[in-house]
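Letter by letter, the chains look like this.
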Amino acid sequence: GVRDGLGAYIAKPETYTPDVVVYHNDDFVAIHDMFPKSSLHLLLLPCDQTKTRMHPFDAFEDAEFLEKVKTETRTLRKLAAGELRRKYGKDSAQEQTRQAALSADPPPDELPQGRDWEQDIVVGVHAVPSMNHLHVHVLSVDRYSERLKHRKHYNSFSTPFFVPIEDFPLAEDDVRRNPTKEGYLKRDFTCWRCGREFGNRFAELKQHLEQEFKEWKKL
Ligand code: 5GP
Ligand code: ZN
């Protein structure tokens with residue numbers, strides 16, 4: 001069914017173009033989310049057959065597996081940050097030329113780093129995933145996308161319904177284990193950037209997200 005759609009990428013990652021499959025190795029496939037909820041939205045799919053059908057909360061109980069996933073998300077976060085720098089960075093062309101010119105044997109620490117785009121990437125899972133195959137979201141913080149069309153889209157990335165990968169392993173009594181009871185998806189909207197509250201006024205929130213996006217990327 002439609003909830004099994006992510007399985008195809010694990011089964012045959014090599015059949016996709018780079019605008020769909022970002023990279024793949026023996027253990028992971030990194031893809032672009034087909035309905036991105038931010039200006040950059042990637043998914044990390046672990047290939048482990050014993051884990052791919054599990055709920056993330058259960059899969060991440062395996063400490064060794066969790067470490068592997070955390071390590072891979074650090075790689076993907078860097079890659080995503082590089083993509084943001086390329087898209088939005090000030091004089092990014094100049095920066096790239098300089099880095100290319102020095103790439104022979106440079107001390108990279110001494111290069112001017114500019115903005116740390118890694119801080120603008122969030123990594124985590126949904127407390128109640130809609131897709132069956134285990135996946136970790138790696139996305140820019142902006143929540144600015146035409147595909148963000150429903151209230152639950154915003155709140156699923158902007159409330160504790162979204163569980164950062166760093167928070168695993170979860171404590172047994174962590175309230176996020178009861179996402180429905182907590183009613184995260186039905187909460188009033190709060191801007192991710194300035195904290196302004198929008199009640200349930202989605203259209204107003206969307207307008208505001210556009211303003212915040214413009215300022216955020218120019219920072
Ligand atoms: P979940 O809510 O399960 O954590 O998120 C599943 C994600 O998968 C959503 O962000 C959705 O846009 C994305 N998605 C759903 N179907 C497909 C698909 O067939 N291909 C890709 N690349 N992404 C998909
Ligand atoms: Zn705001």
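What counts and how
Residues numbered from 1 in each chain as written. Chains lettered and ligands numbered in written order. Predicted model: local features only at pLDDT ≥ 70, side-chain atom pairs only at ≥ 80, totals over all residues. Heavy atoms only, no water. Donors = N, O, S within 2.8 Å, 3.2 Å for Na, K, Ca; no water. Tetrahedral: all angles 85-135°; square planar, octahedral: opposite > 155°, others 65-115°. Helix = DSSP H or I, 4+ residues; strand = E, 2+ residues; numbered from the N terminus. Buried < 20%, exposed > 50% of the residue type's maximum accessible area, 1.4 Å probe, protein only. Near = heavy atom within 4 Å. Polar contact = N/O pair within 3.5 Å; in protein donor to acceptor, adjacent residues only side chain to side chain. Areas by Shrake-Rupley, 256 points an atom, 1.4 Å probe, with all protein chains shown as cover. Nonpolar A, V, L, I, M, F, W, Y, C, P; charged D, E, K, R; others polar. Pairing = 2+ DSSP bridges. Axes fitted to C-alpha atoms, helices over the stretch in contact; angles between N-to-C directions. Contact = heavy atoms within 4.5 Å.

Visitor: Is there a simple way to think about the coordination of the zinc ion (ligand 2) in this case?
Guide: Six octahedral donors around a metal ideally subtend angles of 90 or 180 degrees, whereas four tetrahedral donors ideally subtend 109.5 degrees. Within the protein, C191 (SG), C194 (SG), H208 (NE2) and E212 (OE) serve as the donor atoms for the zinc ion (ligand 2), at 2.0 to 2.3 Å. Taken together, the four donor atoms coordinating the zinc ion (ligand 2) span angles of 105 to 117 degrees at the metal, a pattern that classifies the geometry as tetrahedral. Each donor residue of the zinc ion (ligand 2) lies on the same chain, and together they follow the pattern C-x2-C-x13-H-x3-E. With C194 in the loop between strand 7 (189-190) and strand 8 (197-199) and H208 in helix 7 (residues 202-218), this pair connects stretches of sequence that are 14 residues apart. Judged by relative accessible area, C194 falls into the partly exposed class, the value being 46%.

Visitor: Would you mind going over the site of ligand 1 with me for this structure?
Guide: Of all residues adjacent to ligand 1, which total 16 residues, the nearest are Y9, D33, S130, H135 and H137. Here an oxygen atom of ligand 1 sits 2.5 Å away from a polar atom, N or O, in the side chain of D33. H126 places a polar side-chain atom, nitrogen or oxygen, 2.8 Å from an oxygen atom of ligand 1. For ligand 1, the protein covers 88% of the area, taking 520 Å² as the surface of the free molecule. Mapped by element, the contributors of at least two residues to the shell around ligand 1 are strand 2 (28-32) and strand 3 (41-46). Across the shell around ligand 1, the residue classes tally to eight nonpolar, six polar and two charged.

Visitor: I tried to follow the sheet that holds strand 1 (residues 21-24) on my own but got confused; where do I start?
Guide: In any sheet, the strands associate via hydrogen bonds between backbone groups, in a parallel or an antiparallel arrangement. Taken together, the six strands give an open sheet; going across it, the order is 1-2-3-5-4-6, and neighbouring strands pair in antiparallel fashion. Two strands in the sheet have a free side with no partner beyond their single neighbour: strand 1 and strand 6 (162-164). Neighbour to neighbour, the strand axes of the sheet diverge by 30 degrees on average, direction disregarded. With three bridges connecting them, strand 4 (residues 121-126) and strand 6 associate as antiparallel partners. In the sheet register, V125 faces strand 6, and the bridge partner there is V163. Taken strand by strand, helix 3 (residues 63-88) contacts strand 1, strand 2, strand 3, strand 4 and strand 5 (136-140), and its axis lies near 155 degrees from that of strand 3.

Visitor: I'm lost on the pairing of strand 3 in this one. Help?
Guide: Two faces belong to every sheet, and in a regular strand the side chains alternate between them. In terms of residue burial, strand 3 counts as a mostly covered element, since six of its six residues are buried. Across five bridges, the pairing between strand 2 and strand 3 is antiparallel. Looking at the pairing, H32 lines up with L42 of strand 3. Examined bridge by bridge, strand 3 and strand 5 share four bridges and lie antiparallel to one another. Residue L44 lies in a different strand from strand 5, and its bridge partner there is V136.

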